[in-house]
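For reference, the chains in residue letters:
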Amino acid sequence: HGVTPFVRFGHRVLAADWSAARACWTVTVQREGEPVPLTMHARHLHFCSGYYRYDRGHRPTWPDEARFGGTLVHPQFWPDGLDATGQRVVVIGSGATAVTLVPELAKTAAHVTMLQRSPSYVFARPAVDAVATWLNRWLPAALAYRLVRIKNVALQLYFYRLARKYPPQAKARLVGLVRAQLPPGYDVERHFTPRYAPWDQRVCLVPDGDLFAAIRAGRAEVVTDTIERFTEDGIRLASGQVLAADIVVTATGLELDVLGGARLSLDGVPVDPAQTLVYKGLMYSGVPNLTSTFGYTNASWTLKADLTARYLCRLLNHMQRHGHRVCTPRHDPAAASRPFIDFSSGYVQRALPLLPRQGDRKPWKLYQNYLLDWLMLRLARVDDGVIRFGGGGGPG
């Protein structure tokens, strides 16, 4: 689509300062291989930087780590050339990273153990959508795509609402599906029955049930326990059990970041995102001409990314038609402040003091609902009385 010439690779945004007099952002950028940062200027700034830190992950420490004679790896910094063939591997963690790594490592490793303090919800689903395959065989590609998209969005919304409305039944169903994938007598209660309700944290997808296949084949196992200390050739658990290991993978979580770690300021005055309310899930109260993409925590990230991109185009076109150069969401003091993400996951709870807040009413509330967001971002008026538009600024 001819986008690549407009992408500047090897650039890291360090800071951005808004000038009210010029109605313009000055962006400080560190370019790879150059000691002195450069500056760029923009009328509008849009962040597509995700919400994870890429320079480090969450990494607890344990007693006697230095004694371990094997290889210790964090998935975020996977070393080139690491070969697990014939090795004894312990993966510490129970989230999506661990669930993904274990069956893949089990293909060549001598044995893989997923060591977890407590279990997560896991759900097996075919990696290939049979309905999509059938529709693509008989319908034009664009029509088949739209139908599959509608089907997937509707099913996701339906099952999510059911899980939140009837948590005991949803929990029983998810655990029952896991039990059906494992050998008779397997301790599903200990290893695959979480203490929290479905969607208090993410539900981990197991494509084609590959994790369960590895367990059934004896190539992988799940151990639910806490680490007492490392030994020269493995890990000693609180129960006294010792896990022998040549490679230990610390799939212990991620750290969240806001706007890629860039420092924001308005005419030199620093902006703390945690002191702002998020408007329609993509702008920050009191911060002009700035938007960001933040996807769903209970559905595909790209669903919200698509809506955000389309709204951004509506916003910029509206400003161009009416001669506006500045748009700023005005803080609503009547909107009660709430945490940005309603998740009990450790990586979210650790980052809440850094994240912006949401309100208890639209357009400040995050619905985590594609249909509600579609109505708000695609159909609702851009000039809704909450955004303050203006001309402002001299030559940029």
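Because the structure is a prediction, the values reported are computed rather than measured.

J.: Can you explain the packing of helix α2 (residues 130–138) against helix α3 (residues 141–165)? Please cite residues and give values.
T.: Their axes nearest at 9 Å, the elements α2 and α3 cross at an angle of 155°. One finds that α2 runs roughly antiparallel with respect to α3. Here the hand of the crossing between α2 and α3 comes out right-handed. Between α2 and α3, the contacting residues are Val131, Ala132, Leu135 and Asn136 on the first element and Ala141, Ala144, Leu147, Val148 and Lys151 on the second. Its residues assigned to classes, the contact of α2 with α3 comprises 7 nonpolar, 1 polar and 1 charged.

J.: Can you break down the packing of aromatic side chains residue by residue, with the values?
T.: Inspection of every chain in the model, using the stated rule, returns 14 aromatic pairs. Between the aromatic rings of Trp62 and Phe230, the centroid separation amounts to 5.9 Å while the plane-to-plane angle is 40°, which identifies the pairing as tilted. You can see Trp62 sitting in the loop between β4 (45–47) and β5 (71–73) and its partner Phe230 sitting in strand β11 (residues 227–231), a full 168 residues away along the chain. Chaining the aromatic ring pairs together yields one cluster made of Tyr51, Tyr52, Phe294, Trp301 and Phe340.

J.: Give a detailed account of empty space enclosed by the protein, specifying residues and quantitative values.
T.: If you walk through the whole model with that rule in mind, you get 2 cavities of 30 Å³ or more. In terms of lining, the largest cavity is formed by 16 residues, of which the most central are Gly50, Leu259, Tyr284, Ser292 and Phe294. The class makeup of the residues in the lining of the largest cavity is 10 nonpolar, 5 polar and 1 charged. Its boundaries defined by the atoms lining it, the second largest cavity holds a volume of some 40 Å³. Around the second largest cavity, the lining residues are Phe294, Gly295, Tyr296, Lys304, Leu366, Tyr367, Gln368 and Asp373. Counted by class, the lining of the second largest cavity contains 4 nonpolar, 2 polar and 2 charged residues.

J.: Can you explain the sheet that holds strand β10 (residues 220–224)? Please cite residues and give values.
T.: Strand order in this open sheet of 5 strands is β5-β14-β6-β7-β10, and the pairing throughout is parallel. With partners counted over all chains shown, the strands left at the sheet margins are β5 and β10, one partner each. The average angle at which neighbouring strand axes cross in this sheet is 20°, direction not considered. As paired elements, β5 and strand β14 (residues 247–250) share 3 bridges and run parallel to each other. By the bridge assignment for β14, Thr71 is matched with Ile247.

J.: A description of the layout of surface pockets should follow, citing residues and the corresponding values.
T.: In this structure, the second largest pocket occupies an estimated 720 Å³ of space. Breaking the lining of the second largest pocket down by element, the ones donating at least two residues are β1 (11–19), β2 (24–31) and β4.

J.: A description of the nonpolar core should follow, citing residues and the corresponding values.
T.: The biggest cluster of nonpolar side chains holds 34 residues, and the ones touching the most others in it are Trp25, Leu264, Leu290 and Ile341. If you look at the next biggest cluster of nonpolar residues, it comprises 30 residues, including Ala84, Met114, Val175 and Leu211.

Rules and cut-offs
Residues numbered from 1 in each chain as written. Predicted model: local features only at pLDDT ≥ 70, side-chain atom pairs only at ≥ 80, totals over all residues. Heavy atoms only, no water. Axes fitted to C-alpha atoms, helices over the stretch in contact; angles between N-to-C directions. Helix = DSSP H or I, 4+ residues; strand = E, 2+ residues; numbered from the N terminus. Parallel < 35°, antiparallel > 145°, perpendicular 65-115°, else oblique. Left-handed = near helix turned anticlockwise from the far one by under 90°. Contact = heavy atoms within 4.5 Å. Nonpolar A, V, L, I, M, F, W, Y, C, P; charged D, E, K, R; others polar. Phe/Tyr/Trp six-rings, centres within 6.5 Å; stacked < 30°, edge-to-face > 60°. 1 Å grid on protein atoms, 1.4 Å probe; cavity = no way out; pocket = protein on both sides within 12 Å on 5 of 7 lines; lining within 4 Å. Points joined across faces, edges and corners; volume = space filled by probe spheres on them. Pairing = 2+ DSSP bridges. Core = buried A, V, L, I, M, F, W, Y, C linked by side-chain atoms within 4.5 Å. Buried < 20%, exposed > 50% of the residue type's maximum accessible area, 1.4 Å probe, protein only.

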